[in-house]
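# Structural overview for review
If you want the building blocks of each chain, they are given just below.
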Amino acid sequence: MLPRLPLRLVPLATFFSGVLGSLELPISQLEARVSLPQSTSSVKFSYDYVIVGGGTSGLTVADRLSEDGKFTVLVIENGPIVYSGVAAMGPTWSYQINSARQPNLNNRTTSVTVGNLVGGSSAINAMMTIRATSDDYDRWGSFFGEDSSWSWEGLLPYFKKAVDFSPPDDEVAKSVNITWDSSYWGNTSTVHTSWPRFQWPALEHQFEAFRDIPGVEFPPDSGSGKAGVYWFPTFMDPEKIERSYARTGHYNDINRSNFELISESKVTKIILEDGAATGVSFQQKGENGTTIIDVKANKEVIIAAGAIHSPQLLQQSGIGPRALLKTAGIDIVVDLPGVGQNFQDHPMVFTSISLQNFSVHPNPTDMYSNRNFSAWAQEVWAANKTGPYSLGVGNVAAWLGMPVIAPETFEEIATKLEELDYATLLPDNTDPTVIAGYEAQMKSMASGIRSPNTAFYNHVLSGGGSSGTIVDLHPLSRGSVNINPSDPFNSEPIVDYRALTNPVDLDIMVEILRFTKRYYFETRLRELAPRQVQPPASVEDPEDLKRFLRGNVNPSYFHPVGTCAMLPRELGGVVDEKLKVYGVRNLRVVDASIEPVLVGANTCQTTYAVAEKAADLIKADA
């Protein structure tokens, strides 16, 4: 029998959720308070479900499994509980990981930003409540057949269940013509999405400029599953005007004796006996050194550590590619070649096109260039949480397919993708099943290039006088997240984006740059005298644009997925349609790592929906 060892157990009580919604808050409001250890608490010998990771998916699943009181649940989270001030992206509450150098990006490396606190990346992201197109979710199920429940129709109820929607303020909506359709949303979740109490007035003109481009659609709502230009809400509590995320929605205000969470504790191994997961081993550092604790799972171990750390934990536990585990000196329990492969993230590139005759005020630059406006903004925020400090990074954007952004070249690009030798685009000695899965994905993505409802282009409108970051929503290159063979248990995994290893990525990103220029120079915005700054106006030849991209693309928009892919095992899959790990009983993965193909949207809302569906799958087998 395992000993009951003292360690910090966080009580499920009501917290002061002073988490501020804006990404632009005055620095005085960005203070944080971290919980202190409670050495008198202890973990029980066993729980029905042990969940590794207290982030977006882990807390959602824990809440759902414990809500009827039938099952006991323990969540083990590596990071701390932060009571307030989690208001912006940055390194404070993130893992400190740098990627492998990227040969196709001039040998640059990049920071791998994922949340390291209770609430996970939902606590530090840009708060954009975005749902991808129906094509993207239908693509997931297509790898299993027409009857798969992993589809737009199969996931729509979980999107509605995952988030509580509130419409925008009437006055603000009328000021910029915000449109929405509540029928695509739910109203029962404790995770909220709503709208800032202010919008920049130039946004309406920038929105309407897309009407000058043939083929652009304007869906009725961001949740409709359609590509186009539309308004979208923010993960924000409409009453408190504060960030709403997994901790506030699925942990705060819950007081259940059958739901416990322990933070600042690192799971290092899944305990496997006779082909089944029976518990986990984790460690917690204290004043007297590191304590190692084993805890038993009576029913299942559920992995929700995210696309960077879920594959690491599987590999540390002997589940993964045989050659890698052998090199690391780890006993092979299940030879599962897909673990840690199929890594994807959204590449982004900063562009700058300045509108020289832009004269609309107020605009974002007034926040620092107009002292009177800045003072007013702080005054109304302090008084009633309205004004520009209630904004995140934006609420309106274009999400467009290749036939729209590249009508003359999309067919040629799709054909080029179909004719590639896929094995040569993956690392040497890649397992044949992983190659087969990559081929299946690329065939599907060739169809996606031909579809106006698979978005490849993303441009968030700023309401200001210049352009900004442009995102490639469907990268075709595949990377990996693997344990460091020389130190598999005490170092972070090796994260390799393998950016631009599929040459079609560059072809698509060239068209993304061209379309951005077209938007500014060939629509009503041309009246504002656009001037191209980045890339320089002289860079027009496709090869020169590719050279610019190699020097400027960031391979990460902070949306890592795919490393425990939900695919048939013969296609390099790690989990099946019930999210069960192949070759092991009583073990599932429920986070963004199961996404076989990255969706054309910010990943937070999709991760919530996956977790809601996962909870139902688990309860159905209980």
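First, a word on scope: everything that follows refers to the structure included in this document. Bear in mind the structure is a predicted one, so any value in this text is a computation, not a measurement.

## Regarding the overall build of the chain
Along its length, the chain carries 16 helices and 24 strands. Over its C-alpha trace the chain gives a radius of gyration of 24 Å, about what one expects of a compact globule, namely 25 Å for 622 residues. Overall size of the chain, expressed as C-alpha extent along the three principal axes, is 75 × 60 × 45 Å. Looking at the chain as a whole, 62% of its 622 residues qualify as buried. Approximately 23200 Å² of the chain is accessible, and the part contributed by carbon and sulfur atoms is 48%. Taking the average location of the 50 positive side-chain charges in the chain and that of its 69 negative ones, the two points are 4 Å from each other.

## Brief notes about the packing of aromatic side chains
All told, the structure shown has 22 aromatic pairs when counted by the stated rule. When the ring of Trp152 is compared with that of Phe159, the centres are 6.3 Å apart and the planes differ by 40°; the resulting orientation is tilted. A single burial state applies to Trp152 and to Phe159, both of which are buried. Ring geometry for Phe207 and Phe218: centres 5.4 Å apart, planes at 50°, overall tilted. Here Phe218 lies in the loop between α5 (203-208) and β7 (228-231) and Phe207 lies in helix α5, a separation of 11 residues in the sequence. Since its relative accessible area comes to 24%, Phe218 is described here as partly exposed. Taken together, the ring pairs in this structure connect Tyr137, Trp140, Trp150, Trp152 and Phe159 into an aromatic cluster. Directly above the aromatic system of Phe521 lies the positively charged group of Lys517, at a separation of 5.9 Å from the ring centroid.

## A short note on the packing of helix α12 (residues 410-418) against helix α13 (residues 432-449)
For the pair α12 and α13, interaxial distance at closest approach is 9 Å and the crossing angle is 175°. The orientation of α12 with respect to α13, classified from their angle, is roughly antiparallel. Residue-level inspection shows Phe410, Ile413, Ala414, Leu417 and Glu418 of α12 in contact with α13, the latter providing Met442, Lys443, Met445, Ala446 and Ile449. The residue makeup of the contact of α12 with α13, split by class, is eight nonpolar, no polar and two charged.

## Quick look at the pairing of β7
Burial along β7 is two-sided: Gly228 and Tyr230 and Val229 and Trp231, pointing in opposite directions, are all buried. Where β7 lies against strand β18 (residues 396-401), four bridges are found, and the strand directions are antiparallel. Residue pairing for β18: Trp231 is matched across the bridge by Val396.

## Quick notes on the environment of Asp431
Note on placement: Asp431 falls in the loop between α12 and α13. Expressed as a C-alpha distance, the spacing of Asp431 and Leu336, which sit 95 residues apart in the sequence, is 9.7 Å. Polar contacts involving the side chain of Asp431 include one to the side chain of Thr433, which spans 2.5 Å.

## Thoughts on empty space enclosed by the protein
The final tally for this structure, using the stated rule, is one cavity of 30 Å³ or more. Estimates place the volume of the largest cavity at around 130 Å³. Looking at the lining of the largest cavity, its residues break down into eight nonpolar, two polar and two charged.

## Here's the deal with the side chain of Thr607
Relative to the assigned elements, Thr607 resides in helix α16 (residues 604-620). Those residues in contact with Thr607, other than ones at most four positions away along the chain, are Thr56, Ser57, Ala592 and Glu595.

## Here we look at the pattern of salt bridges
If you walk through the whole model with that rule in mind, you get 23 salt bridges. We note a salt bridge from Asp136 to Arg139, for which the minimum N-O separation is 2.9 Å. Taken together, the residues span about one helical turn, with Asp136 and Arg139 both in helix α2 (residues 134-142) at a distance of three residues. By the burial criterion, Asp136 is buried, and Arg139 matches it. Through salt bridges with shared partners, a single ionic network connects Glu300, Lys578, Lys580, Arg588 and Asp621.

## Quick look at α12
Looking at α12, one finds that the buried residues are Phe410, Ile413, Ala414 and Leu417. All buried residues of α12 fall inside an arc of 100° around its axis, so they share one side. Residues of α12 that are buried in the fold lie against α11 (402-405), α13 and α14 (504-521).

## With respect to the sheet that holds β7
Read from one edge of the open sheet, five strands run β7-β18-β19-β20-β16, paired in antiparallel fashion. Of all strands in the sheet, those with a lone pairing partner are β7 and β16 (348-350), marking the two edges. The mean angle between the axes of side-by-side strands here comes to 20°, regardless of whether they run parallel or antiparallel. Sheet analysis places β18 next to strand β19 (residues 455-460), joined by five bridges and oriented antiparallel. Along β19, the bridge assignment pairs Leu400 with Tyr457.

## Re the nonpolar core
One finds Phe210, Leu400 and Leu587 to be the most contacted residues of the largest nonpolar core, which totals 187 residues. Among the elements that line this core, the one with the most residues is α14, at 10 residues. In contact with Phe210, not counting residues within four places along its chain, are Val216, Phe218, Val229, Ala398, Leu400, Leu461, Phe515 and Tyr519. If you look at the next biggest cluster of nonpolar residues, it comprises five residues, including Leu324, Leu325, Ala328 and Ile330.

## Some points on the packing of helix α3 (residues 152-162) against α16
Viewed as axis vectors pointing N to C, α3 and α16 meet at an angle of 105°, and their least axial separation amounts to 8 Å. With respect to α16, the element α3 is oriented roughly perpendicular. For the pair formed by α3 and α16, the contact residues are Leu155, Tyr158, Phe159, Lys161 and Ala162 on the first element and Gln605, Thr606, Tyr608, Ala609, Glu612, Lys613 and Asp616 on the second. A per-class count over the contact of α3 with α16 returns six nonpolar, two polar and four charged.

Rules and cut-offs
Per chain, residues are indexed from 1 in the order of the written sequence. Since the coordinates come from a predicted model, pLDDT governs what is reported: local features require at least 70, and pairs of side-chain atoms require 80 or more to be given and counted, while whole-chain, interface and lining totals use all residues. Neither water nor hydrogens contribute to the side-chain values; these are computed over all heavy atoms in the structure. Numbering goes from the N terminus for both helices and strands, where a helix is a DSSP run of H or I of at least four residues and a strand is a run of E of at least two. When we talk radius of gyration, it's over C-alpha atoms, and the globule rule is simply 2.2 Å times the number of residues to the 0.38. Categorising residues by exposure relies on relative accessible area from a 1.4 Å probe, with only protein chains included: less than 20% of the type maximum marks a residue as buried, more than 50% marks it as exposed, and the intermediate range marks it as partly exposed. All accessibility values rest on the Shrake-Rupley procedure with a 1.4 Å probe; residue burial counts only the protein chains present in the view. Counting rule for charge: Lys and Arg are taken as positive, Asp and Glu as negative, and neither His nor the chain ends is counted. For this purpose, a charge sits on NZ of Lys, CZ of Arg, CG of Asp or CD of Glu. Under the pairing criterion, centres of Phe, Tyr and Trp rings, with the six-membered ring standing for Trp, must be within 6.5 Å; the plane angle then separates stacked pairs below 30 degrees from edge-to-face pairs above 60, leaving the rest tilted. Two limits define a charge over a ring: the Lys NZ or Arg CZ must be within 6 Å of the ring centre, and within 35 degrees of the ring normal. Only the stretch in contact is used when a helix axis is fitted, and all axes are lines through C-alpha atoms; the angle between N-to-C directions ranges over 0 to 180 degrees. Oblique is the label for any angle not under 35 degrees, not over 145, and not in the 65 to 115 range, which are roughly parallel, roughly antiparallel and roughly perpendicular in turn. Any two residues whose heavy atoms approach within 4.5 Å at even a single point are treated as in contact. Residue polarity follows a fixed list, in which Ala, Val, Leu, Ile, Met, Phe, Trp, Tyr, Cys and Pro are nonpolar, Asp, Glu, Lys and Arg are charged, and the others, Gly among them, are polar. At least two DSSP bridges between two strands are needed for those strands to be called paired. Under the rule applied, a polar contact is a pair of N or O atoms within 3.5 Å (in protein, one hydrogen donor and one hydrogen acceptor; residues adjacent in sequence only if both atoms are side-chain atoms). Of the two site types, the cavity is a set of points on a 1 Å grid over the protein atoms alone where a 1.4 Å probe fits but cannot get out, and the pocket is an open set with protein on both sides within 12 Å along at least five of seven lines, each lined by residues with an atom within 4 Å of a point. Grid points are joined across faces, edges and corners, and a volume is the space filled by probe spheres set on the points. The term salt bridge refers to a side-chain nitrogen of Lys or Arg lying within 4 Å of a carboxyl oxygen of Asp or Glu. As used here, the arc is the angular range of directions from the helix axis to the C-beta atoms. In this text, buried Ala, Val, Leu, Ile, Met, Phe, Trp, Tyr and Cys residues form a nonpolar core when linked through side-chain atoms within 4.5 Å.

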